[in-house]
Structures are given as structure tokens and as C-alpha cells.
Amino acid sequence: MINKIKALLQEVENMKAANAEELEALRIKYLSKKGEISALMNDFRNVAADQKREVGQFLNQLKETTQNKINELKESFDNVQTGNDDIDLTRTAYPVELGTRHPLSLVKKEICDIFGRLGFSIAEGPEIEDDWHVFSSLNFAEDHPARDMQDTFFIQHNPDVLLRTHTSSVQTRVMETQQPPIRIICPGRVYRNEAISYRAHCFFHQVEALYVDKNVSFADLKQALLFFAKEMFGPETKIRLRPSYFPFTEPSVEVDVSCFECHGKGCPLCKHTGWIEVLGGGVVNRKVLENCSIDPDEYSGFAFGIGIERIAMLKYGINNIGLMFENNLQFLKQFHE
Ligand code: PHE
């Protein structure tokens with residue numbers, strides 16, 4: 001009998017189960033009432049009295065070992081619920097590297113937040129546009145030299161399918177479908193066929209702002225710009241308006257902010273002028289309102305467009321626009337909210 005117990009002991013020590021069902025089968029085989037160990041227990045009665053002590057000890061050891069082994073296997077199944085041996089759930093986890101927001105996203109979000117606080121909502125439009133929305137509706141005459149200035153990418157040599165050169169196209173799309181009051185900002189990507197340099201790229205991003213309502217004046221534009229400049233560049237910031245030209249605004253202005261690096265004293269960032277040009281804008285031309293079926297005698301408005309790359313480069317001291325589009329992690333990881 002001792003030999004039988006020893007053989008079983010070895011069997012039990014080496015026993016393996018691939019899943020819970022196999023383990024249950026083993027439990028039944030050894031430990032159930034009709035199992036092998038119970039059978040040995042029954043036979044124990046017939047063991048000679050002088051051997052009872054020794055055999056009893058072996059028998060107890062066998063029972064205990066079997067129970068422990070089964071518990072041990074059961075535990076391993078409970079921990080690895082998938083039953084997949086390839087996954088070691090006890091291994092230390094790899095550190096999860098959180099991404100950072102792109103500098104353009106940060107600046108875009110900041111601009112949208114500032115105008116959100118003034119009650120502007122976000123509007124979007126397509127990047128592949130037609131002549132009407134990018135040029136004609138915005139008062140670019142057919143032979144207007146300003147069309148050349150925009151370095152347009154045409155698609156398949158079709159003059160009516162083009163990549164938008166500015167987000168002003170979204171103005172038209174909104175005004176065509178909505179009557180005033182209109183208060184929107186339109187962030188988005190624009191394309192121009194320009195030579196790529198450290199300052200210019202063939203695509204970049206703008207945020208367009210448009211406000212049309214009764215009695216909107218140039219003074220409202222100026223006030224909105226001042227508010228934006230102070231929120232964006234700090235409460236000390238001043239603005240300066242210079243006369244400019246856009247077919248879709250009259251009068252038109254280029255807007256400078258006082259240099260936020262030297263506060264007007266003069267430094268390399270502002271090229272020693274104390275001022276930095278940040279955007280263009282103006283009072284919406286009557287013809288544009290007419291083109292969009294808005295009565296220019298009843299309503300007026302202002303619009304302006306901000307280049308996101310330009311603001312981001314100024315704000316973060318980035319000296320090459322190409323860095324924005326390379327997805328170099330070393331560059332991108334520097335930006336935090
Ligand atoms: N669309 C002009 C540009 O791309 C900017 C602008 C927008 C000017 C709105 C005036 C009004 O340069």
C-alpha cells in the first residue's frame with residue numbers, strides 16, 4: 001500500500017491542468033468520495049496494526065498534497081481569467097506616455113475660447129471650394145489682381161475647383177444660409193501655392209471672425225480686437241491699426257499689437273519697431289452682404305482673419321514654420337496647456 005501511495009504522491013505532484021474543467025476532473029479523480037484517495041482511506045482498515053502509523057502518515061500527506069496542489073492550480077486559473085498563457089498579468093506595466101497638444105491646437109483653442117466668451121460660435125466649411133465662395137462672393141472681380149496675390153491651387157486645371165486660400169469662404173457659406181445676427185469664428189486649414197521657407201508653407205491655418213448685426217461699426221471692430229489682444233497677449237497689450245486693402249472689407253486694416261517681449265522698447269522679435277503685425281480685418285463690404293442676400297442698409301458687420309501659425313511662432317518663439325508639420329516628438333513634447 002505504501003508503494004501505491006508513493007506512486008500517487010508523485011503523480012499528484014506532477015499533475016497539470018490546462019483549464020478549469022480539467023482541474024475539476026482531477027479533483028473528482030483523487031478527492032471525491034469515489035476517488036482514488038477515498039478508496040485508499042477505505043483500505044486503511046485492512047492495514048496491519050503495526051504499519052498503521054506509517055501508512056496513516058503517508059496517506060495524510062497524500063491527501064494534503066493533493067488538496068494543496070488543486071488549490072494552487074485553481075488560484076492560477078482565477079488570476080489568469082483569459083486562460084491565455086502568453087499574457088503575464090503579473091508583470092509590471094509599461095509606463096503610459098501621455099501625448100501633448102500640438103502648438104497649433106493650443107493657439108486655436110485659446111483663440112476660440114476668447115471669442116467664445118464674446119458669444120461667437122464656431123462654423124466650419126470645406127477645404128475644397130469653388131470660385132464663388134473663395135473669390136467672387138467676396139468681391140474679387142474676375143480680373144482682380146488680388147486673385148493672383150492668393151497663389152491659388154486649382155484642382156485638375158478646373159478654375160472652379162480649388163483649395164481655399166482663406167477661411168473667409170466660410171463667411172459666405174454662413175451668410176448665404178443664415179440671416180443676422182451672425183457671430184461666428186471659423187478655424188481651419190488654408191492652402192497657398194507659395195515657395196516653402198522658414199516663414200511660409202503651402203498650407204497653414206487661420207481663424208476668421210465675422211459679426212453681422214444692426215449698427216455694427218468700425219468702433220465695434222476696434223473694441224473686439226483690443227479685447228482679443230489683451231486676452232491673448234496680456235492686459236498691458238496695445239493695438240495699432242494701419243490702413244490696408246481687402247476686396248471684402250471697406251475700410252480695411254492691418255492690426256499690430258505692442259510687442260509682448262519688449263513691451264514696445266524694441267527687440268529682435270518686433271524687429272526693433274515695438275509692434276508686431278498679427279491680423280487683417282475690416283468692415284464687411286456692402287457688396288459682400290448683397291451677394292449673400294443680406295440687406296446692407298439694415299445690417300453691417302466686421303470681419304477679421306488671424307494666422308494661427310504666426311501667433312504660435314510669436315508666442316512660443318518658434319523660428320521655422322516647417323517644425324509645425326514634421327511631427328517630431330522632441331519638438332512637440334515641449335508644449336503643454
Ligand atoms: N482673408 C484675409 C487673408 O487671408 C484676412 C481677412 C479676413 C481680412 C477677414 C479681412 C477680413 O489674408
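Throughout what follows, the structure given in this document is the object of discussion. (Residues numbered from 1 in each chain as written. Predicted model: local features only at pLDDT ≥ 70, side-chain atom pairs only at ≥ 80, totals over all residues. Heavy atoms only, no water.)

### Examining unusual backbone geometry
Residue proline 180 is joined to proline 181 through a cis peptide bond whose omega torsion reads 5°. Assignment of secondary structure puts proline 181 in the loop between helix H8 (168-177) and strand S5 (182-191). Note that the residue after glutamate 250, namely proline 251, is joined by a cis bond; omega there is -5°. One non-glycine residue, histidine 263, adopts positive backbone phi at about 55°. Tracing the backbone shows histidine 263 in the loop between strand S8 (249-258) and strand S9 (275-284). One non-glycine residue with positive phi stands out, namely lysine 271, at about 50°. By the element assignment, lysine 271 lies in the loop between S8 and S9. (Helix = DSSP H or I, 4+ residues; strand = E, 2+ residues; numbered from the N terminus.)

### Considerations on H8
Burial runs high along H8: 7 of the 10 residues are buried. All of the buried residues in H8 are Ser168, Ser169, Val170, Gln171, Thr172, Val174 and Met175. Buried positions along H8 lie against strand S2 (128-129), helix H6 (131-134), S5, strand S6 (203-213), helix H10 (286-291) and strand S10 (300-307). (Buried < 20%, exposed > 50% of the residue type's maximum accessible area, 1.4 Å probe, protein only. Contact = heavy atoms within 4.5 Å.)

### Observations concerning the sheet that holds S2
One open sheet holds the 3 strands; their spatial order is S2-S4-S3, and the pairing between them is antiparallel. A single partner strand is all that each edge strand has here, and the edge strands are S2 and strand S3 (154-155). Examined bridge by bridge, S3 and strand S4 (residues 158-163) share 2 bridges and lie antiparallel to one another. Across the sheet, isoleucine 155 pairs through a bridge with asparagine 158, a residue of S4. (Pairing = 2+ DSSP bridges.)

### Some thoughts on the site of the ligand
Surrounding the ligand, one finds 13 residues, the nearest of these being His166, Ser168, Arg192, Gln206 and Glu208. Take histidine 166: an N or O atom from its side chain is 3.0 Å from a nitrogen atom of the ligand. In the environment of the ligand, a nitrogen atom lies 3.0 Å from a nitrogen or oxygen atom belonging to the side chain of serine 168. Coverage of the ligand by the protein amounts to 91% of the 330 Å² it exposes when considered alone. For the shell around the ligand, the secondary structure elements donating two or more residues are S6, S9 and S10. Ranked by residue count, the leading element in the shell around the ligand is S10, at 3 residues. (Near = heavy atom within 4 Å. Polar contact = N/O pair within 3.5 Å; in protein donor to acceptor, adjacent residues only side chain to side chain. Areas by Shrake-Rupley, 256 points an atom, 1.4 Å probe, with all protein chains shown as cover.)

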